[in-house]
Amino acid sequence: MSKQRVVVIGAGVLGLFTARELLQHSDIEVTVLDKAHPGDGSSGRSVGMVETQYFTRPTVEVRAYGREHYAQLEQEGLTFTHGGYLRLARTEADMESFRESIAIQREFGIEDAEILSADDIATRWPQIITEGLIGGLLGTWDGFVDGFEVCQNLAAWVRSQGGTVKTGQEVTGASRDGDVWRITTAAGEYEADVVVNAAGPHAGVIGEMLGAPVPLLPMLHGAVTVRVPEFKTPTPFVMDYIPGSGVDGVYFRSEGTQHLIAGLHTEEVIGDAVSPDVLLRSVGDDVLERIVELLAERLSNADDLELDRSWQGIYPMTPDHQPIVGAHPAASGVVCALGAGGSGIQLSPAIGRLAADAVRGITEPAFEIAPEWDAARFTESA
């Protein structure tokens, strides 16, 4: 029997984890195309958080799956800094949701998450200001990876398993001849039985080429390194943002002994979408001012902070803030793996699994959240 030919457009984490899942099956031939090189886009500009501190069974399940895969990648040589992940609580309702999270995580074999009081936080990390807080949720195993390194390692693995990763392959067109897709790039043409749209911020453009539109909203985000006094204890990844709050929040974590990385995070669409080809620069003064303002509320010695370099990246968002994953209902032979926003690193293993299942025609969902991510939900509005 001939192999099923799959072309994956995009060598970020979503495309490469999809390829990794597909190459578990000997009857599939995988080619990954990227306009630049693995990790050049949003994946390589991420702060790389991997954690499971969420509040519903579906959202914890997919992150628990991601945790297993990043643990495996770490065994294969990926650098993983287990600095911990700390969510902050202002109300008793927050604390109750944290307790529920711990119970759910234990269902998936995750035993390291713990509830902290505000005093616990102040004792462990004196540099964190606990005024207005009543506690926190800490994942001690959690930490961060370098998104660029993840992509490079995955690309090497794909090649080692007989897959192909082609760089400098900007897609310029797509056509369908019977059951065969022809994907055109400036460097050549590729035939496929199935095309996976994992093009990150450019997934909307690629979707139009494929006749498989998706409502993608590229949102500009940024991060900055901050020089700080040397703390006795490294700062974990602190997330001072409440999902569903309607406003962004600040995050920060240690980067070496005398620097923090800080930025603003949201899982919602706040602000205006940008072109996926927007020129990425240093973070604007207005964003820097907000980061510094929020850091001053949570970090001691704020007057001693010294901003260092900053950079921008793109969150590929969707209108309902959920990824778009699975077979596209309007275009035969097109599978989506896109729209993970600022959670792409940690969700990419689960997205890759669902996308690979769709390529293989498996209809039984691997995760409870799959219907919420299904591409068919945007059929009428896309």
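To keep things clear, this report deals only with the structure shown in the data block. (Residues numbered from 1 in each chain as written. Predicted model: local features only at pLDDT ≥ 70, side-chain atom pairs only at ≥ 80, totals over all residues. Heavy atoms only, no water.)

1. So, the packing of aromatic side chains
Argument step 1. Across all of its chains, the model carries seven aromatic pairs by this definition.
Argument step 2. Aromatic rings pair up to connect Tyr 54, Phe 55 and Phe 98 into one cluster.
Argument step 3. Seen from the ring of Tyr 54, Arg 87 lies directly overhead, with NZ or CZ sitting 4.8 Å from the centre.
Argument step 4. The cationic tip of Arg 253 hangs over the ring face of Phe 144; the distance from NZ or CZ to the ring centre is 3.4 Å. (Phe/Tyr/Trp six-rings, centres within 6.5 Å; stacked < 30°, edge-to-face > 60°. Lys NZ or Arg CZ within 6 Å of the ring centre and 35° of its normal.)

2. Considerations on the sheet that holds strand β15 (residues 237–240)
Argument step 1. The sheet built from eight strands is open, its strands ordered β6-β7-β5-β15-β16-β17-β14-β18 with mixed pairing. At either end of the open sheet lies a strand with only one pairing partner, and these are β6 (113–117) and β18 (306–317). In this sheet, adjacent strand axes meet at a mean angle of 20 degrees when their direction is disregarded.
Argument step 2. In this structure, strand β5 (residues 85–89) lies alongside strand β7 (residues 135–139), joined through five bridges in antiparallel fashion. Each residue of the ladder has a partner; that of Tyr 85, found in β7, is Gly 139.
Argument step 3. Sheet strands touched by helix α3 (residues 92–107): β5, β6 and β7. Its angle to β6, the strand with the most contacts, is close to 160 degrees. (Pairing = 2+ DSSP bridges. Helix = DSSP H or I, 4+ residues; strand = E, 2+ residues; numbered from the N terminus. Axes fitted to C-alpha atoms, helices over the stretch in contact; angles between N-to-C directions. Contact = heavy atoms within 4.5 Å.)

3. Concerning the environment of Trp 311
Argument step 1. Examined against the element boundaries, Trp 311 turns out to sit in strand β18.
Argument step 2. For Trp 311 and Leu 280, which are 31 residues apart along the polypeptide, the C-alpha to C-alpha distance reads 7.5 Å.
Argument step 3. Residues within four places of Trp 311 in sequence aside, it is in contact with Arg 45, His 221, Gly 222, Ala 223, Val 224, Thr 225, Ile 261, Arg 281 and Val 283.

4. Digging into the side chain of Gln 127
Argument step 1. Note that Gln 127 resides in the loop between α4 (118–124) and β7.
Argument step 2. Here Gln 127 falls in the buried class, since its relative accessible area comes to 4%.
Argument step 3. Apart from the residues within four sequence positions on either side, Gln 127 is in contact with Phe 231, Thr 233, Pro 234, Thr 235, Arg 298, Leu 299 and Ser 300. (Buried < 20%, exposed > 50% of the residue type's maximum accessible area, 1.4 Å probe, protein only.)

5. Notes on the pairing of β7
Argument step 1. Counting buried residues in β7 gives five out of five residues, a clear majority hidden from the surface.
Argument step 2. Of the two faces of β7, the one carrying Gly 135, Leu 137 and Gly 139 and the one carrying Gly 136 and Leu 138 are both buried.
Argument step 3. By the bridge criterion, five bridges tie β6 to β7 in an arrangement that is antiparallel. Directly across from Leu 116, in β7, lies its bridge partner Gly 136.

6. Considerations on the pattern of salt bridges
Argument step 1. A full pass over the atoms with the stated rule returns 21 salt bridges.
Argument step 2. Among the salt bridges present, the one from Arg 253 reaches Glu 255, with a minimum N-O distance of 2.7 Å.
Argument step 3. Given the relative accessible area of 5%, Arg 253 is considered buried.
Argument step 4. The class of Glu 255 is partly exposed, set by a relative accessible area of 34%.
Argument step 5. Close ionic contact of Asp 357 with Arg 353 constitutes a salt bridge, the shortest N to O distance being 3.1 Å. Of this pair, Asp 357 and Arg 353 are both found in helix α8 (residues 344–359), four residues apart, which corresponds to roughly one turn of the helix.
Argument step 6. Residue Arg 353 is classed as partly exposed on the basis of its relative accessible area, which comes to 27%. (Salt bridge = Lys/Arg side-chain N within 4 Å of Asp/Glu carboxyl O.)

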